[in-house]
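Fold and contact review
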Amino acid sequence: MEKPLSLSLRYSANLRGDIALLPRLFTFIQRLNPAEGPGTLILDLGNACDSAAPHCRQTGGRSMLIALDAMGYHAANIDGALDPHNRRRVDEQVTMALVDGANDWRYRLPTLEDTGIRLALRPNSAPARLQICLAPDERTRLESNVLFLRDVHAGQVGAASVDLRRSPRLTDSAIHIMPPDTPPNSSIAGAIEFIESEARLFHSRSASNRRGESDALTHND
């Protein structure tokens, strides 16, 4: 019997700047997804940062994306999250794909010889074996070759599996709730500490530069 070619997805959404949650979330994703490989994607469906979180304000929304990149995420929905300056900066700082209204991402499985997989905010006419919408939906479903993913909250991880052998077929979907006793991953915890310290340093330098410019203007007057 021909073995199905499966694509496994794990995804988060609505983290809203809760950077302290990420070391535990990484452990949970790893437990749900012990065998990473070319048929596995880790995604974020948006609202990763929130201006109420100091590190988000200090970095213009880049901090959570840098952390997700350190966790091995493949793509994130950043629609409306970054101004052009911070979009350019985060592009230089991460390797994961940044998807918004103007930018899709094409992912190719080595075993697929056709047009592969396209991730976008919404369905489009571009050819692809499978399209994955990174804007969260009310439920996980596959319509024709378009996969919609159900919205999740912080502390939850969505999962879906798709058989890609011929016409795409949704074989499994679930929402997993992270147990409260999930231990943090020490490597990610260290990365988070570094990101937060860099955010504070960046903010301090920016504030100092602004004061210097203000003093210079006052002196010139």
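Up top you'll find the structure we're talking about.
Every value quoted in this text rests on a predicted model; they were computed, and no experiment measured them.

A closer look at the overall build of the protein
Along the protein, the regular secondary structure elements total five helices and eleven strands. Counting all 221 residues of the protein, 47% fall into the buried class. Taking as baseline every contact in the protein between residues at least 6 positions apart, the subset at least 24 positions apart corresponds to 57%. Per element, the accessible surface of the protein, about 11,500 Å² overall, is 48% carbon and sulfur.

Here's the deal with the packing of aromatic side chains
Following the criterion strictly, the structure yields one aromatic pair and no others. Ring geometry for W105 against Y107: centres 5.5 Å apart, planes inclined by 40 degrees, an arrangement best described as tilted. By relative accessible area, which is 12% here, Y107 ends up buried. One cation-aromatic arrangement involves R141 over F148; the distance from NZ or CZ to the ring centre is 4.1 Å.

Quick notes on the layout of surface pockets
Reported here for the largest pocket is a volume of approximately 210 Å³. If you trace the largest pocket, you find 15 residues lining it, with G46, N47, A48, D79 and A81 closest to the centre. Among the residues making up the lining of the largest pocket, the classes are represented as eight nonpolar, five polar and two charged.

Calculation criteria
Residues numbered from 1 in each chain as written. Predicted model: local features only at pLDDT ≥ 70, side-chain atom pairs only at ≥ 80, totals over all residues. Heavy atoms only, no water. Helix = DSSP H or I, 4+ residues; strand = E, 2+ residues; numbered from the N terminus. Buried < 20%, exposed > 50% of the residue type's maximum accessible area, 1.4 Å probe, protein only. Contact = heavy atoms within 4.5 Å. Areas by Shrake-Rupley, 256 points an atom, 1.4 Å probe, with all protein chains shown as cover. Phe/Tyr/Trp six-rings, centres within 6.5 Å; stacked < 30°, edge-to-face > 60°. Lys NZ or Arg CZ within 6 Å of the ring centre and 35° of its normal. 1 Å grid on protein atoms, 1.4 Å probe; cavity = no way out; pocket = protein on both sides within 12 Å on 5 of 7 lines; lining within 4 Å. Points joined across faces, edges and corners; volume = space filled by probe spheres on them. Nonpolar A, V, L, I, M, F, W, Y, C, P; charged D, E, K, R; others polar.

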